[in-house]
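# Residue-level structural notes
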Amino acid sequence: MEATVPDERPSAEGPATFREVFAQHEFRAVFVAGALSWVGDYVAKAAVTLLVYQQTRSVALSAAAFAVSFLPWLLGGPVLAALAERYPYRKVMVASDVIRMLLMLLIAIPNLPYQAVLVLIFAATLANPPSQAAKSALMPQMLTGDRLVLGLSLNSSIGQAAQVIGYVFGAAVASIDPVVALLFNAATFGLSALLVRLGVRHRPASMNPAHRSHLLRETREGFTIVFRTPVLRAIAVLVFSAMLFSIVPEGLAAAWANEGAKGDLSRGAAQAVIMVANPVGFILGGLLVSRLFGPARRMKLMRPLAVLAPLVLVPALFDPSPLVVALLAALCGFAVAGMLPMANGLFVQALPNGFRARAFGVMATGVQVIQGLAVLATGLLAERFPIPVVVGLWSAAGVVLMGVAVLRWPDRQTMDDAIAAATAANAEPPQEPATPAKDDPAAGTPEPRSGDGHRRHAVT
């Protein structure tokens with residue numbers, strides 16, 4: 001296991017610059033590869049949805065084609081992400097891209113039955129959790145200090161931008177020929193694999209074979225370190241709380257626009273501006289806050305931004321126009337993005353190297369499940385009550401929840417202690433056992449630091 005640079009804590013110095021981050025050639029390769037595969041992914045979602053609808057003329061099956069891409073995270077995200085710990089991160093990312101490229105080429109076969117399309121798209125998305133977990137675990141090995149925070153912010157922002165670009169471009173291309181869009185997606189995965197293979201240096205797996213146990217046990221250890229380490233648990237609560245309400249305007253946009261469109265906007269335009277508002281606000285918040293404020297100031301801004309995020313959606317109670325709803329959603333996205341990269345940076349710094357991919361799987365799965373439950377719950381409530389009332393009251397409850405989360409947020413000394421402990425653990429060379437301990441298959445794996453330090457907290 002490679003030792004990390006000792007000083008990864010946010011300092012009081014000025015913020016890292018884009019030039020400093022992009023000067024790291026490995027980050028450039030991973031960033032461009034991620035942007036390509038994300039855009040291709042969203043293009044494929046638009047194409048597959050249309051392809052299934054053209055074959056079946058069924059809205060339900062078309063929606064199923066879109067929703068199937070979320071199933072791997074919900075059904076086995078943490079287990080699939082745990083695989084990334086067993087192999088070199090570069091190898092995991094390249095293999096995942098090659099697998100997805102080949103499956104997309106199969107989906108592009110003309111006149112393929114929609115049942116086969118659904119099965120293949122599900123198989124392709126099984127590669128998402130290990131690929132994203134490996135990428136997340138690789139980031140702190142490429143960037144340190146405030147460069148890591150800015151790098152995480154750039155990755156989050158490009159993911160949101162890819163969503164907007166991919167959906168728009170995908171819908172346009174798919175309307176002409178869905179097969180072209182699918183071939184485009186396959187090409188993006190191929191280019192992504194090539195960039196990672198050539199641009200990222202080889203590193204050994206964070207878990208060597210002698211330290212492996214059962215995959216389910218390794219997955220459970222990921223849950224243990226996140227939820228039994230006070231610092232990591234505090235960050236998880238903050239991130240999950242933010243996801244619980246920030247997705248709601250986007251999830252209810254179609255019904256909101258069709259039931260209450262006002263002004264000069266058509267229903268379709270109203271839906272579009274509401275859906276893209278949160279990603280646009282997220283992009284601006286992530287880039288501006290990370291770039292304009294130094295690490296110490298961003299630490300102080302985290303808690304106010306966390307409370308502000310649901311607070312700006314409370315005026316939805318007054319049934320504003322779609323443009324105002326979009327503005328509120330954009331402000332919410334701005335606030336969430338302003339605090340999220342700092343939380344992510346703290347999370348990876350307080351986490352032992354051998355748990356990074358597994359912890360990412362836990363967090364990513366939690367985010368997916370919570371967002372889905374939030375949209376489902378508010379959608380059910382909106383069947384009985386007006387959407388503005390539902391969103392306004394749901395957001396007011398979010399203010400209370402965030403208030404509790406920030407009151408229980410660890411102080412700076414506690415956070416520093418947790419980061420110092422993880423840094424020390426990461427700096428220790430891995431110990432090879434003389435003989436594998438069969439009665440303790442996890443021997444040599446860092447123990448979750450749940451009670452080591454009376455005020456330790458966690459990060460996502």
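Cut-offs applied
Residues numbered from 1 in each chain as written. Predicted model: local features only at pLDDT ≥ 70, side-chain atom pairs only at ≥ 80, totals over all residues. Heavy atoms only, no water. Helix = DSSP H or I, 4+ residues; strand = E, 2+ residues; numbered from the N terminus. Buried < 20%, exposed > 50% of the residue type's maximum accessible area, 1.4 Å probe, protein only. Contact = heavy atoms within 4.5 Å. Areas by Shrake-Rupley, 256 points an atom, 1.4 Å probe, with all protein chains shown as cover. Core = buried A, V, L, I, M, F, W, Y, C linked by side-chain atoms within 4.5 Å. Salt bridge = Lys/Arg side-chain N within 4 Å of Asp/Glu carboxyl O. Axes fitted to C-alpha atoms, helices over the stretch in contact; angles between N-to-C directions. Parallel < 35°, antiparallel > 145°, perpendicular 65-115°, else oblique. Left-handed = near helix turned anticlockwise from the far one by under 90°. Nonpolar A, V, L, I, M, F, W, Y, C, P; charged D, E, K, R; others polar. pLDDT = per-residue confidence, 0-100. Phe/Tyr/Trp six-rings, centres within 6.5 Å; stacked < 30°, edge-to-face > 60°. Polar contact = N/O pair within 3.5 Å; in protein donor to acceptor, adjacent residues only side chain to side chain. Expected span 1.5 Å × (residues − 1). Patch = residues over 30% accessible without salt bridge, like charges linked within 9 Å, V, L, I, M, F, W, Y side chains within 5 Å.

### Some points on the overall build of the protein chain
Per the secondary structure count, the protein chain includes 19 helices and 0 strands. The 460 residues of the protein chain split such that 54% are buried. Put simply, 88% of the contacts in the protein chain that link residues at least 6 apart link residues at least 24 apart. Within the structure as shown, the protein chain displays about 19,500 Å² of accessible surface, and the carbon and sulfur contribution to it stands at 66%.

### A short note on the nonpolar core
Ranked by size, the top nonpolar core spans 48 residues in total, and within it Leu238 and Met302 carry the most contacts. When sequence neighbours within four positions are dropped, the list of residues in contact with Leu238 reads Met302, Ala306, Met339, Met402, Ala405, Val406 and Trp409. Within the second largest apolar cluster, 31 residues are counted, among which are Ala16, Phe27, Val30 and Leu152.

### Quick look at unusual backbone geometry
Phi at Asn111 takes a positive value of approximately 60°, unusual for a residue other than glycine. Along the polypeptide, Asn111 turns up in the loop between α5 (89-107) and α6 (114-125). The exposure class of Asn111 is exposed, given its relative accessible area of 77%. For Asp319, which is not glycine, the phi dihedral falls at a positive 55°. If you trace the backbone, Asp319 turns up in the loop between α15 (295-311) and α16 (322-349). A relative accessible area of 33% places Asp319 in the partly exposed class.

### Examining the pattern of salt bridges
Side chains carrying opposite charge are able to pair once their charged atoms draw close together. Per the stated rule, a full pass over the model turns up 2 salt bridges. Glu26 serves as the salt-bridge partner of Arg203, at 2.9 Å between the closest nitrogen and oxygen. On the criterion of sequence distance, the pair formed by Arg203 in the loop between α9 (178-199) and α10 (215-228) and Glu26 in helix α2 (residues 25-56) is long-range, its members being 177 residues apart. Of the two residues, Arg203 and Glu26, both sit in the buried class.

### Topic: the packing of helix α11 (residues 230-246) against α16
Think of two packed helices as two axes; the pair is described by the angle between the axes and how far apart they sit. Their axes nearest at 11 Å, the elements α11 and α16 cross at an angle of 160°. In terms of orientation, α11 and α16 fall into the roughly antiparallel class. As for how α11 packs across α16, the hand of that crossing is left-handed. Mapping the contact onto sequence places Leu232, Ile235, Leu238, Val239, Ala242, Met243, Phe245 and Ser246 in α11 and Cys332, Val336, Met339, Leu340, Ala343, Leu346 and Phe347 in α16. Residue classes in the contact of α11 with α16 are distributed as 14 nonpolar, 1 polar and no charged.

### A word on the confidence of the model for the protein chain
For the protein chain, mean pLDDT is 77; residues scoring 70 or higher make up 82% of the total. Per-element mean pLDDT across the protein chain ranges from 64 in helix α3 (residues 59-67) up to 92 in α5. Between residues 430-460, whose pLDDT stays under 50, and residues either more than four places distant or in other chains, the model counts 84 contacts.

### Comments concerning the packing of aromatic side chains
With the rule as written, the count across this model stands at 3 aromatic pairs. Put simply, the rings of Phe22, Phe27 and Phe31 touch in pairs and so form one group of aromatic residues.

### Examining the environment of Val289
Tracing the backbone shows Val289 in helix α14 (residues 267-292). Expressed as a C-alpha distance, the spacing of Val289 and Met339, which sit 50 residues apart in the sequence, is 8.3 Å. Every residue in contact with Val289, bar those within four places of it in the chain, is listed here: Leu284, Arg298, Phe334 and Gly338.

### Quick notes on the side chain of Arg298
Relative to the assigned elements, Arg298 resides in helix α15. Polar side-chain contacts of Arg298 include one of 2.6 Å to the backbone oxygen of Phe293.

### Section: the side chain of Asn128
In this fold, Asn128 is placed in helix α7 (residues 128-142). Asn128 gets classed as buried once you look at its relative accessible area, which sits at 8%. Residue contacts for Asn128: discarding those within four places in its chain leaves Asp41, Trp73 and Arg100.

### Some remarks on α16
Helix length check: α16 (28 residues) gives 40 Å between terminal C-alpha atoms against 40 Å at 1.5 Å per residue, within 8%. Judged by how many residues are buried, α16 sits mostly within the fold: 23 of 28 residues are covered.

### So, a nonpolar patch on the surface
A grouping of Leu71, Leu74, Leu75, Val369, Leu373, Leu376 and Leu380 is seen on the molecular surface, where their side chains present a nonpolar patch of about 650 Å² in accessible area. For the nonpolar patch, the secondary structure elements donating two or more residues are α4 (71-86) and α17 (356-382). Element by element, the count of residues in the nonpolar patch is highest for α17, at 4 residues. Taking the relative accessible area as the measure of exposure, Leu74 reaches 43% and is therefore partly exposed.

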